[in-house]
Structures are given as C-alpha cells and as structure tokens.
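What follows is the residue order along each chain.
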Amino acid sequence: MSFPDCQPSPVCSLCPRLHAFLEEQRAAHPDWFNAPVPPFGPDDARLAIIGLAPGLRGANRTGRPFTGDYAGELLYGTLKALHLARGAYAARADDGLELIDTVILNAVRCVPPANKPLPAEIATCNRFLKCELEKRKRVRVIVALGRIAHDAVLMAHGLVRARHPFAHGREHALPHGRVLIDSYHCSRYNTQTGRLTPEMFHAILARARQLMDRRA
Ligand code: SF4
C-alpha cells in the first residue's frame with residue numbers, strides 16, 4: 001500500500017468505527033473540517049511534537065492540530081515563548097500562525113469518540129505517522145504528549161514498549177540519532193488537576209529546543 005506524501009484519503013475507512021463517527025459529524029456539522037487532520041509545520045523541521053488525536057471541537061472542527069481547544073492555547077503559547085512559533089494564535093486554521101523548525105503530528109488522524117482511540121486504530125494509523133517520521137529526515141527531537149503518543153512513536157521506530165516506559169520528562173534514544181522526550185498531554189484536564197503545570201510544559205519544550213540545537 002502506498003501513501004502519496006504520507007496522507008490518508010480524506011474519507012479513509014481503514015478504521016471503520018472512526019470512519020462512521022466522521023460520517024456522523026459531517027452530517028451534524030457540514031461546516032466543520034471532519035476528515036483526517038494533516039500535519040502542521042515545515043517539512044524540514046528538527047522538532048516533531050506528537051499528539052493523541054484530533055479533538056472533536058478542536059482540530060476536527062478547524063482542520064489544524066491543537067487549534068480551537070484549550071490544549072492549543074498552552075501548546076502554541078509555549079512554542080511562541082520559545083521562538084518556535086510566530087504570529088498570533090487565534091484558534092483558527094487561517095490565523096497566520098507559523099511554526100519554526102517544528103511540526104505537529106497526531107498518533108491518530110481521525111477524531112475518536114470520547115477522545116479515546118482503540119488500540120487497533122492506533123496501530124492502523126501508525127503507518128501514516130511512520131511514513132511522516134521516515135520522510136522528515138531532519139527531525140532530531142520528538143516530544144510525545146502522553147502515553148499513547150509515546151507508544152505510537154516507539155511503534156513507528158520498531159521499538160519495544162517494555163524497554164522504553166513512559167514517564168514525564170524521561171528521554172529515550174531512538175534510531176538515527178533521534179531522542180524522544182515524554183510529556184504529560186497539555187490537556188485542560190491535566191492542567192486543571194495540576195498534573196502538568198505551564199512551567200512543567202515549558203521546561204519540556206525548552207529541553208527539546210536545547211537538544212535540537214545540540215544535535216544540529
Ligand atoms: S485514524 Fe488513520 S487509519 Fe484510521 S481511518 Fe483515520 S486516517 Fe485512516
């Protein structure tokens with residue numbers, strides 16, 4: 001099977017449950033994006049940030065990762081503070097925000113019901129993540145937002161989970177001289193419960209920036 005530019009079909013049906021859920025959303029919200037959400041960021045980025053999946057009223061509505069929900073406010077605000085993004089983030093795909101040396105991808109491209117993809121769906125969509133990470137040869141540092149993203153990055157690199165357990169702030173050596181940094185997901189739930197503070201999240205991305213520059 002081949003994927004031109006690593007992009008699934010706009011009506012990809014490899015995951016029947018997610019395909020059916022998107023059909024429901026297209027009927028209910030014809031003005032929403034309602035399709036597999038593509039990566040956001042330049043092709044030659046050295047930093048890749050991996051999220052879980054599009055949020056229903058976030059990326060699934062706007063068509064850009066982390067755009068339109070709380071997680072995006074924290075993520076893009078932090079990237080701007082570290083000079084990894086420029087322009088105004090206005091929670092719309094056409095707000096003109098640009099990422100600098102950074103690309104954002106998701107472990108699963110289609111919005112899952114209740115924000116919970118099934119293991120089989122994560123495994124099925126991994127072909128697109130793998131394709132992106134293989135194509136983007138300049139990527140030196142990968143930040144995984146949450147355990148599912150962490151597992152998806154390992155799967156895309158053919159690594160065994162048992163040897164690389166997830167822990168916030170932990171760094172893992174990947175093939176091709178890459179390093180994976182784990183972070184709790186920047187979701188509203190994690191920040192409201194204090195599991196992830198804005199300072200903790202800033203420290204993760206600052207470390208990523210430091211490693212990118214060391215491995216340039
Ligand atoms: S999640 Fe990925 S593999 Fe599954 S239907 Fe969507 S694009 Fe296709």
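Just above sits the structure.
Residues numbered from 1 in each chain as written. Predicted model: local features only at pLDDT ≥ 70, side-chain atom pairs only at ≥ 80, totals over all residues. Heavy atoms only, no water.

> Describe the overall build of the protein, with residues and values.
When its secondary structure is counted, the protein shows seven helices and seven strands. When the elements of the protein are put in sequence order from the N terminus, they spell out α-β-α-α-β-β-β-α-β-α-β-β-α-α. Over its C-alpha atoms the protein spans a radius of gyration of 16 Å, differing by no more than 12% from the 17 Å that the globule rule assigns to 216 residues. Taken over the C-alpha atoms alone, the protein extends approximately 50 × 35 × 35 Å along its principal axes. When burial is assessed residue by residue, the protein has 52% of its 216 residues classed as buried. (Helix = DSSP H or I, 4+ residues; strand = E, 2+ residues; numbered from the N terminus. Rg over C-alpha atoms; globule rule 2.2 N^0.38 Å. Buried < 20%, exposed > 50% of the residue type's maximum accessible area, 1.4 Å probe, protein only.)

> I'd love a proper account of the pattern of salt bridges, names of residues and values included.
Summed over the entire model, instances satisfying the criterion amount to 15 salt bridges. For E132, the salt bridge identified is with R109, shortest N-O distance 3.4 Å. Here E132, found in helix α4 (residues 119-135), pairs with R109, found in the loop between β4 (102-106) and α4; they are 23 residues apart in sequence, far enough to count as distant. For the pair E132 and R109, a shared accessibility class is recorded, and that class is buried. The partner of K130 in a salt bridge is E134, with the nearest N and O atoms 2.8 Å apart. On the criterion of helical spacing, the pair formed by K130 and E134 is a turn pair, its members being four residues apart in helix α4. Exposure remark for K130: the relative accessible area of 34% places this residue in the partly exposed category. (Salt bridge = Lys/Arg side-chain N within 4 Å of Asp/Glu carboxyl O.)

> Describe the packing of α4 against helix α5 (residues 147-156), with residues and values.
Any two packed helices are characterised by the angle at which their axes cross and by the distance between the axes. Contact geometry for α4 and α5: axes closest at 9 Å, N-to-C directions at 65°. In this structure, α4 meets α5 at a crossing whose hand is right-handed. Residues I122, A123, N126, L129, K130 and L133 of α4 pack against I148, A152, V153, M155 and A156 of α5. Per-class residue counts for the contact of α4 with α5 are nine nonpolar, one polar and one charged. (Axes fitted to C-alpha atoms, helices over the stretch in contact; angles between N-to-C directions. Left-handed = near helix turned anticlockwise from the far one by under 90°. Contact = heavy atoms within 4.5 Å. Nonpolar A, V, L, I, M, F, W, Y, C, P; charged D, E, K, R; others polar.)

> Tell me what's going on with unusual backbone geometry, and back it up with residues and numbers.
For D101, which is not glycine, the phi torsion reads 60° and is therefore positive. Along the chain, D101 turns up in the loop between β3 (98-99) and β4. Under the relative-accessibility criterion, D101 is labelled buried at 17%. Phi angles above zero are rare outside glycine, and N115 is one such case at about 65°. Structurally, the position occupied by N115 is in the loop between β4 and α4. For N115, a relative accessible area of 41% gives the class partly exposed.

> A description of the packing of aromatic side chains should follow, citing residues and the corresponding values.
Summed over all chains, the structure comprises three aromatic pairs. Judged by centre distance (5.0 Å) and plane angle (35°), the rings of Y76 and Y89 are tilted. A residue pair is termed long-range when its members are at least 10 positions apart, and Y76 in helix α3 (residues 70-81) and Y89 in the loop between β2 (85-86) and β3 qualify at 13 residues. Clustering of aromatic rings is evident, with ring pairs tying together F40, Y76 and Y89. Lying over the aromatic face of Y76, R64 brings its terminal NZ or CZ to 5.6 Å of the ring centre. Its end group placed over the ring of Y184, R195 keeps NZ or CZ at 4.2 Å from the ring centre. (Phe/Tyr/Trp six-rings, centres within 6.5 Å; stacked < 30°, edge-to-face > 60°. Lys NZ or Arg CZ within 6 Å of the ring centre and 35° of its normal.)

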